[in-house]
Amino acid sequence: EPEVTQTPSHQVTQMGQEVILRCVPISNHLYFYWYRQILGQKVEFLVSFYNNEISEKSEIFDDQFSVERPDGSNFTLKIRSTKLEDSAMYFCASSLDGQDYEQYFGPGTRLTVT
Amino acid sequence: GQQVMQIPQYQHVQEGEDFTTYCNSSTTLSNIQWYKQRPGGHPVFLIQLVKSGEVKKQKRLTFQFGEAKKNSSLHITATQTTDVGTYFCAPRGTGANNLFFGTGTRLTVIP
């Protein structure tokens, strides 16, 4: 069964450093998403991406965040200058189409900012 | 903005007992999805409800969407240890592609 993959599984970085989290969505999916989950809390939407541009973003997704689809398979989340409060599990998801389709989540990248 | 309340936050049950989690929205929803997240895992899609009053069943799981499309419930009959995890509702407003997850209900099943 096709699945969403994410790398790395765990990233440790120092405050102020830039990180790039990588995702490979399911190949025929058109919508891509990033979510984050602070330990023990709910899953929070960050951004959705369709047709090579951001379609929606939340208040969390401020200027320090950016997303990119640099080639036909990867979907990346960049955090420019990490803060301690960025420590969380970051999930990538993809869906075949938009609103009425289930989202398939990757295994996540645990980001630890020290 | 959309407000979503999910209750209870935690539920401990003996194996074999039933379990229900409720999701309530302040606004009328286009549809609602339910996801399960095992400890240390990622959310996994369970079901999507679209129609007012819709009821769907998956083996021991029963999902309902309220008549006003503002609330939903997930009921598990005769829980098993494999049901352990956090159950999230993810309501979707009109025209929105992103998911706003509820706060989740963490289910513990005591063997």
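Placed above this text is the structure.
Model, not experiment: these values are computed from the prediction.

1. Some words on the overall build of chain B
So, point 1. Along chain B, the regular secondary structure elements total 0 helices and 10 strands.
So, point 2. Taking 13 Å as the expected radius of gyration for a compact globule of 111 residues, we find that chain B reaches 13 Å, a close match to that expectation.
So, point 3. Across its three principal axes, chain B shows a C-alpha extent of roughly 40 × 25 × 20 Å.
So, point 4. Relative to its full complement of 111 residues, chain B shows a buried share of 48%.

2. What to know about the nonpolar core
So, point 1. Within the largest apolar cluster, 21 residues are counted, with the highest numbers of intra-cluster contacts made by W34, L46, F61, V67, F75, L77 and Y90 of chain A.
So, point 2. At the level of secondary structure, the elements contributing two or more residues to this core comprise β3 (19-24), β4 (31-37), β5 (44-50), β7 (65-68), β8 (75-79), β9 (88-95) and β11 (109-113) of chain A.
So, point 3. In this structure, V13, F19, C23 and I47 of chain B belong to the second largest nonpolar core, which totals 19 residues.

3. Observations concerning the sheet that holds strand β1 (residues 5-7) of chain A
Sheet strands pair via backbone hydrogen bonds, and the direction of the pair is either parallel or antiparallel.
Residue and element names in this part refer to chain A.
So, point 1. Reading across from one edge, β1-β3-β8-β7 is the order of the 4 strands in this open sheet, with antiparallel pairing throughout. Looking at the sheet topology across the chains shown, the edges are occupied by β1 and β7. The average undirected angle you get between the axes of adjacent strands in this sheet is 20°.
So, point 2. The sheet contact formed by β3 and β8 spans 5 bridges and is antiparallel. Each residue of the ladder has a partner; that of I20, found in β8, is K78.

4. A few points about the packing of aromatic side chains
So, point 1. This structure, assessed with the given rule, holds 18 aromatic pairs over all chains.
So, point 2. Considering the side-chain rings of F91 of chain A and F105 of chain A, the 6.3 Å spacing of their centres and the 80° angle between planes classify their relative orientation as edge-to-face. Here F91 of chain A is found in strand β9, whereas its partner F105 of chain A is found in strand β10 (residues 104-105), with 14 residues between them in sequence.
So, point 3. For F91 of chain A, a relative accessible area of 1% puts it in the buried group.
So, point 4. When the centroid spacing of 5.6 Å and the interplanar angle of 80° are considered together, the rings of F105 of chain A and Y35 of chain B count as edge-to-face. Taken together, the residues span two chains, with F105 of chain A in strand β10 and Y35 of chain B in strand β4 (residues 31-37).

5. Comments concerning the state of the cysteines
So, point 1. Applying the stated criterion across every chain yields a total of 2 disulfides over all chains.
So, point 2. The residue that forms a disulfide with C23 of chain A is C92 of chain A, at a sulfur-sulfur distance of 1.9 Å. Because the sign of the S-S torsion sets the handedness, a value of about -65° for the bond joining C23 of chain A and C92 of chain A places this disulfide among the left-handed ones. Here C23 of chain A is found in strand β3, whereas its partner C92 of chain A is found in strand β9, with 69 residues between them in sequence.
So, point 3. Take C23 of chain A: its relative accessible area is 0%, and that puts it in the buried class.
So, point 4. Accessibility expressed as a relative area gives 0% for C92 of chain A, which makes it buried.
So, point 5. Residue C23 of chain B pairs covalently with C89 of chain B via a disulfide, S to S 2.0 Å. What sets the handedness of the C23 of chain B and C89 of chain B disulfide is the S-S torsion sign, and at about 65° it is right-handed.

Definitions and cut-offs
- Residues numbered from 1 in each chain as written.
- Chains lettered and ligands numbered in written order.
- Predicted model: local features only at pLDDT ≥ 70, side-chain atom pairs only at ≥ 80, totals over all residues.
- Heavy atoms only, no water.
- Helix = DSSP H or I, 4+ residues; strand = E, 2+ residues; numbered from the N terminus.
- Rg over C-alpha atoms; globule rule 2.2 N^0.38 Å.
- Buried < 20%, exposed > 50% of the residue type's maximum accessible area, 1.4 Å probe, protein only.
- Core = buried A, V, L, I, M, F, W, Y, C linked by side-chain atoms within 4.5 Å.
- Pairing = 2+ DSSP bridges.
- Axes fitted to C-alpha atoms, helices over the stretch in contact; angles between N-to-C directions.
- Phe/Tyr/Trp six-rings, centres within 6.5 Å; stacked < 30°, edge-to-face > 60°.
- Disulfide = S-S within 2.5 Å.

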